[in-house]
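# Descriptive analysis of the structure
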Amino acid sequence: QVQLVESGGGLVQAGGSLRLSCAASGGTCSRFAMAWFRQAPGKERENVATISGSSISTTYVDSVKGRFTISRDNAKNTVYLQMNSLKHEDTAVYSCAAGNLWPVTTPTEYRYWGQGTQVTVSS
C-alpha cells in the first residue's frame, strides 16, 4: 500500500511563500499521477494542481496559475508544491493524492491520500 505524508505547511503573511512536500512510500512514485487538493472550512475539496508520472505535464486551477508550481523528484519519491504570492484566500488544508490516470481533477478518482497540512495566510 502506498502511503503519502505531507509537510511544509504553516503560517505566512500575504505575499509570502511556502513549499509543500509529499513523501511517498510503499510503491514506485513514478507509476502514479499525483495531485494537490485543498479544502477550506465550509468549502468543498478543490483540486489545485496535477502532475503526470513523467513530470512533463501539469495542470492548475485558474486561481493559482502563475503563483503555484507543482513538481516531482521520482528518485526521492517526493512531490512538491511551491506556493508564491500567497493570498488570504489560499488558506486551507492541503493534501496530496496519487492515482493511475492523468489528468484527473476529481478527488474520487484518487486512490491514495496524505493526512493534509495546514496552510494559513494572514493579511
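Read on for a plain summary of the structure. These figures come from a predicted structure and were not determined experimentally. (Residues numbered from 1 in each chain as written. Predicted model: local features only at pLDDT ≥ 70, side-chain atom pairs only at ≥ 80, totals over all residues. Heavy atoms only, no water.)

### Examining the pattern of salt bridges
Definition in use: In the sections that follow, a salt bridge refers to a side-chain nitrogen of Lys or Arg positioned within 4 Å of a carboxyl oxygen of Asp or Glu.
For the coordinates displayed, the defined rule picks out 4 salt bridges. A salt bridge links Asp-62 to Lys-65; the nearest nitrogen and oxygen atoms lie 2.9 Å apart.

### Details of the pairing of strand E4 (residues 33-39)
The criterion, for reference: In this scheme, a residue with accessible area under 20% of its type's maximum is buried, one over 50% is exposed, and one in between is partly exposed, where area comes from a 1.4 Å probe on protein chains only. Labels follow the DSSP assignment, with helices taken as runs of H or I lasting at least four residues and strands as runs of E lasting at least two, numbered in each case from the N terminus. Strand pairing follows a simple DSSP-based rule, namely that at least 2 bridges must link the two strands.
The element E4 is largely enclosed, with a buried count of 6 among its 7 residues. Sheet topology places E4 next to strand E5 (residues 46-51); 5 bridges connect them, and they run antiparallel. Within E5, the position partnered with Arg-38 by the bridge is Glu-46. Between E4 and E5, which pair antiparallel in sequence order, lie 6 residues; one of them, Gly-42, sits at a positive phi of approximately 80 degrees.

### What to know about the side chain of Thr-78
Rules: Note on definitions: a residue-residue contact is assigned when non-hydrogen atoms from the two residues lie within 4.5 Å.
Secondary-structure assignment places Thr-78 in strand E8 (residues 78-83). Judged by relative accessible area, Thr-78 falls into the buried class, the value being 10%. Setting aside anything within four residues of it in sequence, one finds Thr-78 in contact with Ser-21, Cys-22, Ala-23, Cys-29, Arg-72 and Asp-73.

Treat this as a map of the structure, not an account of what it does.
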